[in-house]
Every structure is written in C-alpha cells, then in structure tokens.
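Residue strings, one per chain:
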Amino acid sequence: MSAEVERPPRPALPESLWALVAALACERAVLGSGPSADDLARGLVAAAALGAVACLALLRSRLRALVPVVAVVAAAVVASGASAGMELSRQRSLEAALGQSPVSSWSFELSGDMSQGASGWRGRATATTEGRSRGTVWLVSDEPLESGSVVRCVGRYEPNPEGDWGDSSRAQGVAGTVRVVRVLSARPPEGALGVVQGVRSAVMETFDASSSDARALLAGSVCGSVAAISERGLDDRFAACGVSHLVAVSGGHLVLVSAFMGAALAGSRLGHLARAVVLLGVTALFVAFCGAPVSAVRSWAMSLVASASGPLGRRAHPLSSACAVALAMALAEPGVTGQLGFMLSVMCVCGICGLGAYARYAVRVLGPDVRMPRRLPGPARRALSSLVSDAREALALTLVSQAVTLPLTCSSFSTLSLVAPLANVLLGTLFSAFLASGLVAACLFWAPALQVVPLAACDVLGGAFVAVVEGLSRVPLASVPVSVEEGPAMLALAAVLALLLVWWPRVSRRAVLASGALAVACGVAWVARWSLLAPARVCVLDVGQGDAILVTDGASSVLVDTGPGDAVVSALARNNVFLLDAVVLTHLHADHAGGLEDVRGAVAVGRVIVPEGTDASSLGDGVEVEEVRYGDVLRVGRFSLRAVSPVEPAGGEGNEGSLELALDFDDGARTLTGLLAADAERDETGAAVERGDVGDVDFLKVGHHGSAASLDEGIAEALAPEVSVASAGKGNGYGHPTPECVEVLEGTGSLFLCTIDAGDVTVEPGTEGPVVSRQKGGEP
C-alpha cells in the first residue's frame, strides 16, 4: 500500500512565514513582559544591529541564500517590537487618564458579545473621551449589554492587577476593567452596523437558544453567540472532544456562505470580478453579523487577498496569503497576538497549508484500503467513495491542526483530547449539514412558517451532533489533564517541525504502528503508575487567590476545594492526577468552589462532599452531593480526614462555616498530622483547639489565606506546626498572607511558605517529621 501512494514534495516556505513567526513571538514577549520604553528601544536597536551583522556575515559565506530570510526576520522583529511598544504606551496613557477622571465622563463601545462569569457579564469595549478613542478595557456589568452599543455609566476603573490575569489582559491589548455601577445610557449601534445587529437580534429570537442544546449550538455556530453554549455546559464537552473549532465562526463557515452565494449567482450574468466583489461583500456582512471574531476576520482577509491575486496577475499561494494577512493584523493591532482564537486560527491555517498534503499522504498510507463493493450501483459507489474521501480529509486536517496547536491548547486548557481525530471524522459532515440548515433558517427569519422546516432539520442534526459529543466525552480518558509551559512547548514544536521538514521521511505503516504502540504502552504505564501507586502526600496547589489541597495515597485521591477557576486543572495535571475519588468543598465561596465544573470536565470525579446543611443548587445541574458532619472521618488510603469544625450545620456559607479537617497518617514507619483550616479564622480554629479536636500538628494549611484574623499566638503555640502553608494569589487586593500571620507562625519556629512564591507545596509523611518540597525555589 505504501509503495502505491506518492509522497508529496517538501513545501516551499515563504519569507513571510518567518516574518510572521518572528513578529508573533516578539509581540507576545513584549506585551507579556511590559518593558519600559527605554528598555524596549535598546532591545530593538540591538536586534537591528544583530540582524545587520548576521546579514553581512552570511554575504561572505556559502549561506548567502539565507540573507533575505535573516533580513526579513530582523525587520519583522523591529517593526513588531515598535508596534507592541506603541500599544503599551496607549495602555499606560489610558490607565493614567481613567485613573484621573470619573468613569461617567467616558463612553464605552462594546466590540462583541459579553460573556457571563463569576464577576458578572464581561466584554471588550473601546474607551472614548472628548470624541477620541483611547484604547480598550474590559467592561463588567450585572446585566448583559448589546454588542456594538455605546454605554455611558457610573462605575469604577481598576488597572490590570499583577499576576496571570493582568498579564493576559495586557497581552490582549486591554488596559484594565471598568465595573459598571449604574448605566446612564446605552445607545444601540447605528448605521449599517445597527441594521446588521438588528437582523442578528431578530434571528437570535427565532432560534430561541436557551430552549435546547441543539438551539444553543445553532446560535453559536450561525450567529457567533456562545452564551447559551456556556450556560448549558456544552463548551467543556466540545473541548473534551476537540470539536470547539467546528462551532467557532471561521473559514469553514465562510466557505459554506460563499458556496450558497455562488449557487445563487450561478445563473446571473455577472462577470468574474463582479461575482468576487459580491461574495466578498456578503461574507463581510456575515462576519459582522457574527460579531467579527478575529478568526473570521482573518479568514475573510485571506479570501480578499486570494481574490485580488487574479486581477493583479499573480497566482494565489495559500500559505503566503495566510502569513501576509496574519502579519498585517498583528502589526496593526498587536493585542490580537494575545487572543487565543487568533493564535489558534493562524497556527491551524499555516499548519494545514504547509503540512496538509503530507498528512493526507500519511493517512492514505496508514489507513485501510477501502474497496467499493462491485454490486453497488454507480451513484451509491460514488457517494460511498466521497464519504471515505471526506473522512480521510477530516482526519488528516484534524491531525495537523491538533499537532501544530498542541503548545497553545495544552498550556491554555491543561487538557489533551485523545478522541479529537475520531470526533472530527464522525462529526465533520454532520456539522456541515447542520450549519447549512442553520444558514437557511437564518435567511428565513422574516417568515416563521417557512423557517419551520430548516429549524426542524437543525433540531435533528444538532441533537445528533450533541449526542455523539456526549458519548465520546464519556469515553474513559477521552481527554487527559496535561501540564505544559507554553514557551518550552513552542520550542519543542519548532524543533520537531524542523526535523520533519529536513528529513521528510516516507511513511511506513509498520514503523508508525510500532512507534504508536510504544507510545501507548508508555502512556498506559504512566497513568497506571500515578493512578494506582501515587505517593502518600498532601499538596497545597498553586491556583491563585483560592484554596485547592490534594491528598493522595496509592490508588486513592481526594481534592479539598477547587480554587476559583480553571487553574486547578493545570495544577492537577502537573501533579499527575487522572481521577479523583472525591472533591470536598469546605464551603461555597467562589475561591474554594468556583473550579468544580472545570475539575469535573477534566478528570473523573467519584463524589462531591459538602458540609452538612449546604444548599448545593448553586453548584449546577447534575451535581449530586454527600454531606459530612462534625466528627465524620473520610479515608484517603492510609490518610484520615476528620471533620473538627463546624460543630453545628452551617450550610457551607461564610468563613465561620468552613469545614476544617484534621489530617492523620501513620503506616508504622512514617507519620504526618495536620490541619486543613479552609477559610476558618481564630474563633473557629481556637474553639477546635479548646475542644481537643486538634492539637500539636506537623503541618498547617493556614486558614483564610493567611489573613491577620486566621489565628493568634495562643493558637499557633497550641498547634506548633513544623511547616505552615498559605494559599494566595500574586497581587491580591487583600494583602494575603499578612505580615501579622507570618510573624505569629514563624515565632513558633514554623517554616512558613506561600504558593505565591513556592508554587505547589507538597508535604509527605516522614520518619523524623514532615518531608517538604515545593514547585518553585528548590527544597526549603
């Protein structure tokens, strides 16, 4: 079979690709680190000088053919660095202006749909004062505001905080957050944009996105509105199966819209150029209709470049077009390089353009030789052959897309979908039929009677799509948690791609299957080792301003609290956790229970345990809980976790109702005692000490993130922990851990550590006291 399939030629990589890679890396580095203007200027001068020296050296060597590449890369670094520097300057200017003037003197134009989160509805908005646009901020409101509307409000401005969230916002070109206290006016969009938004609202009303999973999928894939998808928890299931890209409005949607318009114009007398203009206009309206997501804007701009190539007498080169468009967007608006959607879109398109042919070749060699039954009639044979061809195409493109985006997806979501190739093969054609029906239904929004048929088709097809996703997401290890640092992963990907391009090997089915079997065996052994033979340990996970404590021993594992969001997923991944016997929520504050949904979406969870009397309705649909009361003991291998507070049912509300757990381990050779104090403060912990429920311990997970009220000298002396660990987020507004708390504990001789500086802190039983290690900074 492999000898019958011709290997494609090695792809020609244009200089624009190297320029794009250099520009993206430079802008992400500059915006992520936020250097001063002087430091950036010195760096760019050094880059220009280094590029000039390298070009001169190459001109005198046998590698002079590399001079254009080096020159282009150096120019891209300087241009992108200067552009990112101007973006930082705009952000700092906007931060100063908003900090010195009342929010009510500004207006904010929402550039897309708002999404609901723990702090309310959040969206990107352009800040304007005295008729001049000054930059972009997050606009947070208790109620959703219409995309494109211009809002005046009474509110509070908060600059980007220190830490991951602030860094991420700055990298996306966002200069801080405006929290709306009272809306003074909200003017809907006007002109052509207002018409488009009006049509979109009318279409959304007929879709009734909240009525079913299929309708939520319809609103997301046709109108670009993902609020209902998030509310119904579909986004996590799509991510687990690796099909989120199908729903996101991008190039595939524009291809289908163009196909519809092409069919409609087939009988017209318009010339080629006129048809191209009409198609570009219609697809531009569709992009605006969907809220202009960056992936769709990039796809439309690529089609514009491709359409212009013919009249200009140039043959279209997809990879060059993709790189040119992405480079222009990055230089014009550096903040797009910090937006995950843009980066994933660019990497997918470039990967498919460069490696798509090789992936198709590999799939043909490795896949079965499908022979059409001779008894089938001609139309049936052609249909079956087309189906097989489509399946191979979907598999090849999925493999390429997943491979080239692994560094970003794994570092951003901390999960790796193992069923993505199968899911895309099964769902690609089905989704195309669903999207086509949805576009027809959208065009008939003005005639409800005519809309019934395409909407019914959407209900059937969308229901089938969601059912397949549901089934695949329940497959054991459909997605696995992973812990990846973006920078090293990007370098590793670059090395692998370079090796592939240089080697460009012929694909051997036997060699690939043997390598795959070895990789699977190693993966199974790794999962088995950590799932069945995990060390006895207590890990205080670094999840920002929140609590998440992992307790493992052998085949048993329990997570006490989940932290505020998805940071816990990467924390579990880097500690090699693939399943949890239980998640214990000490109380329902968001910084302790906010990550439950993310945990359940990433790893298998046996039980959810809450304090007695807790109203678990806020945890979401389908979350069944068990209650634990004072004196109850939970077993985690050889660990015991005994509830020592509160004595009476407290309902899981408030710091005073936090579930405190006394921890004990003894295997005859090693011991460990501890107290997990949750958000309890001196009154609650002191009462537990007075009752004799807890005394001298080896390890203290400090209450309430190390606040001044967490304990006093008497409690610290009674507990006398050898090591104390506080969990807090960098730059938090509470000052946790407080100097008072640190001083009290260190005064008893305790080693004090905080996740801000130490990262994950692991405490293991020892023969002569606890054994402590930390993620950052080496051994304590």
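Anything mentioned here points back to the structure above.
Definitions and limits used
- Residues numbered from 1 in each chain as written.
- Predicted model: local features only at pLDDT ≥ 70, side-chain atom pairs only at ≥ 80, totals over all residues.
- Heavy atoms only, no water.
- Core = buried A, V, L, I, M, F, W, Y, C linked by side-chain atoms within 4.5 Å.
- Buried < 20%, exposed > 50% of the residue type's maximum accessible area, 1.4 Å probe, protein only.
- Helix = DSSP H or I, 4+ residues; strand = E, 2+ residues; numbered from the N terminus.
- Contact = heavy atoms within 4.5 Å.
- Phe/Tyr/Trp six-rings, centres within 6.5 Å; stacked < 30°, edge-to-face > 60°.
- Lys NZ or Arg CZ within 6 Å of the ring centre and 35° of its normal.
- Pairing = 2+ DSSP bridges.
- Axes fitted to C-alpha atoms, helices over the stretch in contact; angles between N-to-C directions.
- Parallel < 35°, antiparallel > 145°, perpendicular 65-115°, else oblique.
- Left-handed = near helix turned anticlockwise from the far one by under 90°.
- Nonpolar A, V, L, I, M, F, W, Y, C, P; charged D, E, K, R; others polar.

(A) Geometry of the nonpolar core. Core analysis: the largest hydrophobic core is formed by 44 residues, its most contacted members being F207, L217, V222, F238, V243, F286 and F465. No other element matches the 9 residues that helix α16 (residues 420-443) contributes to this core. Aside from chain neighbours lying at most four places away, what touches V243 is F238, A423, N424, L427, F465 and V469. V560, L634, V761 and V763 belong to the second-largest nonpolar core, a separate cluster that totals 30 residues.

(B) Fine view of the packing of aromatic side chains. Going through the model one piece at a time under the given rule, you end up with 9 aromatic pairs. Judged by centre distance (5.9 Å) and plane angle (75°), the ring pair of F238 and F465 falls under edge-to-face. Taken together, the residues F238 in helix α8 (residues 234-241) and F465 in helix α17 (residues 448-473) connect sequence positions 227 residues apart. The pair formed by F238 and F465 is uniform in burial state, with each residue classed as buried. By the ring-pair criterion, three or more aromatic residues cluster together here, those being F238, F431, F434 and F465. Positioned over the ring face of W138 is R124, at 5.9 Å from the centre of the ring.

(C) The arrangement of the sheet that holds strand β15 (residues 633-636) in detail. If you walk across this open sheet you meet the 7 strands as β15-β16-β17-β18-β19-β20-β21, and the pairing is mixed. In the strand order of this sheet, the two ends are held by β15 and β21 (751-754), each with one partner. Put simply, the sheet's adjacent strands are angled 20° from each other on average, direction ignored. Pairing of strand β17 (residues 660-666) with strand β18 (residues 671-676) involves 6 bridges; the strand directions are antiparallel. Bridge pairing links L661 to L676 in β18. Strands in contact with helix α23 (residues 682-691) are β16 (639-645), β17 and β18; relative to β16, the strand with the most contacts, it is inclined by about 110°. Packed on one face of the sheet, helix α25 (residues 739-747) meets β19 (699-701), β20 (723-726) and β21 and runs near 145° to β21.

(D) Spotlight on the packing of helix α1 (residues 15-33) against helix α3 (residues 67-100). Between α1 and α3, the least distance of the axes is 8 Å, while the angle of their chain directions is 30°. As the angle between them shows, α1 and α3 are arranged roughly parallel. Regarding α1 and α3, the two cross each other, and that crossing is right-handed. Partitioning the contact of α1 with α3 into residue classes produces 15 nonpolar, 4 polar and 3 charged.

(E) Spotlight on the sheet that holds strand β22 (residues 761-764). Pairing is mixed across the open sheet formed by 8 strands, whose spatial order is β14-β13-β12-β11-β10-β9-β22-β23. Looking at strand neighbours, the two that pair on one side only are β14 (625-628) and β23 (771-774), the edges of this open sheet. On average, adjacent strands in this sheet sit at an angle of 25° to one another, irrespective of strand direction. Together, β9 (534-540) and β10 (549-554) form the strand contacts of helix α19 (residues 509-532), whose direction differs from that of β9 by roughly 75°.

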